[in-house]
Amino acid sequence: AQMDRELPEMGSSVHARIARLQYVPALLSSGRLTNARELVAALRRDEELRSEPTLLSWVSLYEAELAVGHDAALALAAAGRAKDGLAEGEYDDERSHAWLIEIRMLRVLRRNEDAASEVRKFGAWADERQSPRPLLRAHLAAAEQAWAGGRRDAASELYDIALHAAHERGIPADIAEVAISYGNLLIDSSDLTRA
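To keep things clear, this report deals only with the structure shown in the data block. (Residues numbered from 1 in each chain as written. Predicted model: local features only at pLDDT ≥ 70, side-chain atom pairs only at ≥ 80, totals over all residues. Heavy atoms only, no water.)

### Considering the overall build of the chain
- When helices and strands are counted, the chain shows 10 helices and 0 strands.
- Secondary structure elements of the chain occur, N-terminal to C-terminal, as α-α-α-α-α-α-α-α-α-α.
- Here the chain has a C-alpha radius of gyration of 18 Å; the compact-globule value for 195 residues is 16 Å, and the two agree.
- Overall, the C-alpha framework of the chain stretches about 55 × 35 × 30 Å when taken along its three principal axes.
- Across the 195 residues in the chain, those meeting the buried criterion constitute 44%.
- Considering only contacts within the chain whose residues lie at least 6 apart along the sequence, 49% involve residues at least 24 apart.
- About 10,400 Å² of surface is accessible on the chain, with carbon and sulfur atoms providing 52% of the total.
- One way to put it: in the chain the 24 positive side-chain charges average out to a point 3 Å from where the 32 negative ones average out. (Helix = DSSP H or I, 4+ residues; strand = E, 2+ residues; numbered from the N terminus. Rg over C-alpha atoms; globule rule 2.2 N^0.38 Å. Buried < 20%, exposed > 50% of the residue type's maximum accessible area, 1.4 Å probe, protein only. Contact = heavy atoms within 4.5 Å. Areas by Shrake-Rupley, 256 points an atom, 1.4 Å probe, with all protein chains shown as cover. Lys, Arg positive; Asp, Glu negative; His and termini not counted. Charge placed at Lys NZ, Arg CZ, Asp CG, Glu CD.)

Quick look at the structure:
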């Protein structure tokens, strides 16, 4: 609530834009999706943001997150912009998040061959980077792709690998990301016992 009052008064400096951008995850996590959409739209309209490619890529990532479940084509395009715009090394976690959204949206749009190709590229990139969260998300992407292709045993093995890696790191958000992905697929297939 305090941030809601302070944001309009911050002006248009780079620091103000960064503060607005950093407020989006708080809005998302608190379920204030309408406020998050309004803030992201305002950031997208900000002419001065065009000279800040990294910040613009973050806006694209939030646009992708907000479009999932509502507009697969928009989510796909925004995730692609985010993935391509965020620098490797510095933003590998965020790039992997964008890449996972991109792959999921390709499947939603029934572009399964493109999705499979991106899963392979994502896996190779994550193996090369050897960063924990991108590796975890690459396993998730491969598991979801295997499941979508009817290869349930392979998907279960990949989910087990991802879940083991998440538990080993001990980061609740990683464990939740794997559990939500796997649980949703099990529920969709009416396997409520395993879910």
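Let us keep going from here.
### Quick look at the packing of helix α8 (residues 132-148) against helix α10 (residues 172-188)
- Orientation of α8 relative to α10, taken along the N-to-C sense of each, is 5°, at an axis distance of 11 Å. Overall, the two elements α8 and α10 adopt an arrangement that is roughly parallel. Packed against α8, whose contacting residues are R133, L136, R137, L140, E144 and W147, the element α10 presents A173, D174, E177, V178, S181, Y182, L185 and L186 at the interface.
- Residues that form the contact of α8 with α10 fall into these classes: 8 nonpolar, 1 polar and 5 charged. (Axes fitted to C-alpha atoms, helices over the stretch in contact; angles between N-to-C directions. Parallel < 35°, antiparallel > 145°, perpendicular 65-115°, else oblique. Nonpolar A, V, L, I, M, F, W, Y, C, P; charged D, E, K, R; others polar.)

### Some details on the pattern of salt bridges
- Summed over the entire model, instances satisfying the criterion amount to 16 salt bridges.
- Its salt-bridge partner being E63, residue R44 comes within 2.7 Å of it at the nearest N-O pair. With a gap of 19 residues between them, R44 in helix α3 (residues 33-45) and E63 in helix α4 (residues 53-67) connect regions that are remote in the sequence.
- Take E63: its relative accessible area is 15%, and that puts it in the buried class.
- For the salt bridge of R111 with D114, the shortest nitrogen-to-oxygen distance reads 2.9 Å.
- D114 gets classed as partly exposed once you look at its relative accessible area, which sits at 35%.
- Salt bridges here are not isolated pairs; linked through shared partners, they connect K83, E102, E118 and K121. (Salt bridge = Lys/Arg side-chain N within 4 Å of Asp/Glu carboxyl O.)

### Digging into helix α6 (residues 92-108)
- Here α6 spans 24 Å end to end across 17 residues, near enough to the 24 Å set by a 1.5 Å rise per residue.
- Most of α6 is tucked away, with 12 of its 17 residues classed as buried.
- As for α6, its buried residues are in contact with α4, α5 (72-85), α7 (112-129), α8 and α10.
- Backbone geometry just after α6 places R110 at a positive phi near 60°. (Expected span 1.5 Å × (residues − 1).)

### A word on the layout of surface pockets
- Counted as a void, the largest pocket has a volume near 950 Å³.
- Looking at the largest pocket, it is lined by 34 residues, and the ones nearest its centre are E65, H97, I101, R104 and E177.
- Looking at the lining of the largest pocket, the elements with two or more residues in it are α2 (14-29), α3, α4, α6, α8 and α10.
- Top contributing element to the lining of the largest pocket by residue count: α10, with 9 residues. (1 Å grid on protein atoms, 1.4 Å probe; cavity = no way out; pocket = protein on both sides within 12 Å on 5 of 7 lines; lining within 4 Å. Points joined across faces, edges and corners; volume = space filled by probe spheres on them.)

### With respect to the packing of aromatic side chains
- Going through the model one piece at a time under the given rule, you end up with 7 aromatic pairs.
- Ring geometry for W99 versus F122: centroids 4.9 Å apart, planes at 20°, classification stacked. A residue pair is termed long-range when its members are at least 10 positions apart, and W99 in helix α6 and F122 in helix α7 qualify at 23 residues.
- You can call F122 buried: its relative accessible area is 0%.
- Their ring planes at 80° and their centres at 6.3 Å tell us that W147 and Y182 sit as a pair that is edge-to-face. In this pair, W147 sits in helix α8 while Y182 sits in helix α10, placing the two residues 35 residues apart along the sequence.
- One aromatic cluster in this structure is built from W58, Y62 and Y91.
- Sitting over the ring of W99, K83 keeps its end group 4.6 Å from the ring centre. (Phe/Tyr/Trp six-rings, centres within 6.5 Å; stacked < 30°, edge-to-face > 60°. Lys NZ or Arg CZ within 6 Å of the ring centre and 35° of its normal.)

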